[in-house]
Amino acid sequence: VSQRLVSSFSSEFRYIFDFGRWEDLSSLEDLTVILRLSTMWNSPHGRSFAIDKISLMKHTSTISYAMLVSMAQTYKVKEWIPWVFRQLTFNPIGKNTMTVYRGLPIEMIVSHFHVREAIDQYWRIVAAEPPTVKHADDCMNHMLCESEWHCSWWNSMGRFLLDGRT
């Protein structure tokens, strides 16, 4: 048995026998060990503890999307995948750096770009076609009213949806 394996097991066993100190564990490394062991030994308490703590970390940017996806796949934590996908999708593509995409599965990246393209296309359609105007009962000129509505829509919401600076 290699010294590295023995060292790894001995460091992991300290989590098993030190249950009272779990609340003090907050590093990603500690939580990953707890998640790995509790998954391996089917311990729901340890698993939910680690998942809850890591789930809180994902909001503080201390864990990369790629690492979160990898851990989600390894330890079968399905709820992390949609969260990462939403974060990728609702950030403009230009604001995501290569570091964000590095390490993510290619299927997720391709899906992300397809979804972003569909959203952008939908915004262009919405920008070009204002919602139907509802005329007041006392509206005298429906054509003029609709023309004004179309101009108002285009000069406000339509331009906002297409403006690449937002």
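Structural data are supplied above this passage.
All of these numbers come straight from a predicted model, not from anything done at the bench.

(A) View of the packing of helix α5 (residues 80-90) against helix α7 (residues 106-128). Contact pair α5 / α7: the axes reach a minimum separation of 9 Å and the direction vectors enclose 50 degrees. As far as their axial angle goes, α7 and α5 are oblique. Crossing hand, α5 versus α7: right-handed. Where α5 abuts α7, its residues Ile 81, Val 84, Phe 85, Leu 88, Thr 89 and Phe 90 lie against Met 108, Ser 111, His 112, Val 115, Arg 116 and Ile 119. The residue inventory of the contact of α5 with α7, partitioned by class, reads 8 nonpolar, 3 polar and 1 charged.

(B) Just the side chain of Ser 38, in detail. Position of Ser 38 relative to the elements: it lies in helix α2 (residues 28-40). Polar contacts involving the side chain of Ser 38 include one to the main-chain carbonyl oxygen of Ile 34, which spans 2.7 Å. Those residues in contact with Ser 38 that lie beyond four places of it in its chain are Ser 43, Gly 46 and Arg 47.

(C) The pattern of salt bridges, seen in detail. Scanning all chains against the criterion turns up 2 salt bridges. In this structure, Arg 116 engages Asp 120 in a salt bridge whose closest nitrogen and oxygen atoms are separated by 2.9 Å. Of this pair, Arg 116 and Asp 120 are both found in helix α7, 4 residues apart, which corresponds to roughly one turn of the helix. Classification of Asp 120 as partly exposed rests on a relative accessible area of 24%. When the shortest N-O distance is used, the salt bridge between Glu 117 and Arg 124 registers 3.4 Å. Owing to a relative accessible area of 43%, Glu 117 belongs among the partly exposed residues under this scheme.

(D) Summary view of unusual backbone geometry. Positioned with a positive phi, Asn 42 is a non-glycine residue whose angle comes to about 55 degrees. Tracing the backbone shows Asn 42 in the loop between α2 and α3 (44-57). For Lys 76, which is not a glycine, the phi torsion comes out positive at approximately 55 degrees. Note that Lys 76 resides in the loop between α4 (65-75) and α5.

What counts and what doesn't
Residues numbered from 1 in each chain as written. Predicted model: local features only at pLDDT ≥ 70, side-chain atom pairs only at ≥ 80, totals over all residues. Heavy atoms only, no water. Axes fitted to C-alpha atoms, helices over the stretch in contact; angles between N-to-C directions. Helix = DSSP H or I, 4+ residues; strand = E, 2+ residues; numbered from the N terminus. Parallel < 35°, antiparallel > 145°, perpendicular 65-115°, else oblique. Left-handed = near helix turned anticlockwise from the far one by under 90°. Contact = heavy atoms within 4.5 Å. Nonpolar A, V, L, I, M, F, W, Y, C, P; charged D, E, K, R; others polar. Polar contact = N/O pair within 3.5 Å; in protein donor to acceptor, adjacent residues only side chain to side chain. Salt bridge = Lys/Arg side-chain N within 4 Å of Asp/Glu carboxyl O. Buried < 20%, exposed > 50% of the residue type's maximum accessible area, 1.4 Å probe, protein only.

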